[in-house]
Amino acid sequence: MAHTTLVYASDLHGSEGFFRKFVSAAVTYKAQVGIVGGDVTGKAITPIIHRGNQYFEGFLFGSRETASGAKELEALKTRMSNVGFYPLVLEPDEAQALEIAPAKLNAAFMSLMKERLNQWFELAEKHWKPKGIRFFFMAGNDDPFDIDEAINASDFVQNPDARRYMLDEHHELVGLASANMTPWQCPRDVDDEALLAQLEKVMGLVESP
């Protein structure tokens with residue numbers, strides 16, 4: 001039987017730092033397959049307010065963060081991105097306008113989520129494609145449905161949500177992004193009866209269990 005090494009991760013929740021470690025791990029361990037199994041998006045935008053004269057101010061975990069100049073600004077954005085937030089540089093009036101417009105704020109949030117996913121896909125493709133490492137990536141119950149568009153649009157990424165793929169000649173892969181109901185009412189939470197039906201349908205795709 002064929003031997004296949006894979007690296008699996010989930011619950012990245014937008015963390016740029018953890019995704020980069022995941023990409024490096026697949027190369028280090030000479031994996032043939034990388035799999036991300038859901039809960040990939042971050043929880044919030046972190047506004048960075050331009051206070052004038054190349055001076056910027058934001059908050060990270062309740063702590064006031066400042067940056068002076070482009071280099072410090074990029075470092076602040078990196079710190080925020082590495083722990084899963086989406087930094088967004090705004091003028092004070094732009095921040096106020098977003099605060100009172102939930103629809104615009106949500107649109108900005110979705111745009112930043114998709115932008116980060118696209119950056120991740122490009123990074124993985126750059127390091128993995130030359131080595132023949134395949135990439136499977138799907139959403140989880142905590143992720144909004146809007147991001148599926150970005151996942152499915154990638155030529156390098158394969159989305160195993162409710163689909164079957166062969167990892168090699170002997171090993172099959174199927175996935176399911178749904179989960180049982182949680183106290184947080186996540187986008188893809190479903191009741192037990194619906195979850196069972198989805199699981200049975202997905203497992204029905206497996207040809208050689």
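Everything discussed here concerns the structure shown above.
The rules behind these values
- Residues numbered from 1 in each chain as written.
- Predicted model: local features only at pLDDT ≥ 70, side-chain atom pairs only at ≥ 80, totals over all residues.
- Heavy atoms only, no water.
- Helix = DSSP H or I, 4+ residues; strand = E, 2+ residues; numbered from the N terminus.
- Buried < 20%, exposed > 50% of the residue type's maximum accessible area, 1.4 Å probe, protein only.
- Areas by Shrake-Rupley, 256 points an atom, 1.4 Å probe, with all protein chains shown as cover.
- Axes fitted to C-alpha atoms, helices over the stretch in contact; angles between N-to-C directions.
- Parallel < 35°, antiparallel > 145°, perpendicular 65-115°, else oblique.
- Left-handed = near helix turned anticlockwise from the far one by under 90°.
- Contact = heavy atoms within 4.5 Å.
- Nonpolar A, V, L, I, M, F, W, Y, C, P; charged D, E, K, R; others polar.
- Salt bridge = Lys/Arg side-chain N within 4 Å of Asp/Glu carboxyl O.
- Pairing = 2+ DSSP bridges.
- Right-handed = clockwise from strand over helix to strand, strands pointing away.
- Phe/Tyr/Trp six-rings, centres within 6.5 Å; stacked < 30°, edge-to-face > 60°.
- 1 Å grid on protein atoms, 1.4 Å probe; cavity = no way out; pocket = protein on both sides within 12 Å on 5 of 7 lines; lining within 4 Å.
- Points joined across faces, edges and corners; volume = space filled by probe spheres on them.

J.: Would you take a moment to explain the overall build of the protein for this structure?
T.: Summing up its helical and strand segments, the protein has 6 helices and 12 strands in all. Overall, the C-alpha framework of the protein stretches about 65 × 40 × 25 Å when taken along its three principal axes. Here the protein holds 209 residues, and 46% of them are scored as buried. Here the protein has roughly 11,800 Å² of accessible surface; of this, 54% comes from carbon and sulfur atoms.

J.: It is not clear to me how the packing of helix H1 (residues 16–28) against helix H4 (residues 102–128) should be interpreted in this structure. Could you clarify?
T.: A packed helix pair is summarised by two numbers, namely the angle formed by the two axes and the spacing between the axes. The geometry of H1 relative to H4 is characterised by a closest axis approach of 10 Å and an angle of 20° between their N-to-C directions. Here H1 lies roughly parallel to H4, going by the angle between them. Crossing geometry of H1 relative to H4 is assigned as right-handed. Two secondary-structure elements touch here, H1 through Glu16, Phe19, Arg20, Phe22, Val23, Ala26 and Val27 and H4 through Arg116, Trp120, Leu123, Ala124, His127 and Trp128. Classifying every residue of the contact of H1 with H4 by side-chain character gives 9 nonpolar, 1 polar and 3 charged.

J.: What is the right way to read the pattern of salt bridges from this model?
T.: Close approach of charged atoms allows side chains of opposite charge to pair. By the definition in use, this model includes 11 salt bridges. One salt bridge in this structure joins Glu16 and Arg20, with 3.2 Å as the shortest N-O distance. Taken together, the residues span about one helical turn, with Glu16 and Arg20 both in helix H1 at a distance of 4 residues. A relative accessible area of 45% means that Arg20 is categorised as partly exposed.

J.: Would you explain the pairing of strand S1 (residues 6–9) in this entry?
T.: As a general feature of sheets, a regular strand has side chains that alternate between the two faces. Across the two faces of S1 the burial differs, with Val7 and Ala9 buried and Leu6 and Tyr8 not buried at all. Pairing of S1 with strand S2 (residues 33–37) involves 4 bridges; the strand directions are parallel. By the bridge assignment, Val7 is partnered in S2 with Gly34. With H1 bridging S1 and the parallel S2, this β-α-β connection has right-handed handedness.

J.: Got a minute to help me understand the packing of aromatic side chains in this structure?
T.: Geometry of an aromatic ring pair is reported as the spacing of the ring centres plus the angle between the planes. In this structure the tally under the stated criterion is 13 aromatic pairs. Geometrically, the ring pair formed by Phe22 and Trp128 is edge-to-face, given 5.5 Å between the ring centres and 65° between the ring planes. Note that Phe22 is positioned in helix H1 and Trp128 in helix H4, a separation of 106 residues in sequence. Residue Phe22 is classed as buried on the basis of its relative accessible area, which comes to 5%. Ring pairs connect the aromatic residues Phe19, Phe22, Trp120, Phe121, Trp128, Phe135, Phe137 and Phe156, which therefore count as one cluster.

J.: What is the right way to read the layout of surface pockets from this model?
T.: By rolling a water-sized probe across the atoms, one finds the places where empty space is left. A volume near 340 Å³ is recorded for the largest pocket. As for the largest pocket, its lining consists of 14 residues, and the residues nearest its centre are Ser81, Pro87, Glu115, Arg116 and Gln119. No other element matches H4, which puts 6 residues into the lining of the largest pocket. Residue composition of the lining of the largest pocket, grouped by class: 5 nonpolar, 3 polar and 6 charged. By volume, the second largest pocket amounts to about 220 Å³. Surrounding the second largest pocket, 13 residues form its lining, Pro47, Leu90, Ala95, Leu98 and Glu99 being those nearest its centre. The set of elements that each furnish at least two residues to the lining of the second largest pocket consists of strand S3 (45–52), strand S6 (86–90), helix H3 (92–99) and H4. Per-element tally for the lining of the second largest pocket: the top contributor is H3, with 5 residues. Here the lining of the second largest pocket is composed, by residue class, of 11 nonpolar, 1 polar and 1 charged.

Purely spatial values, then, with no claim about function.
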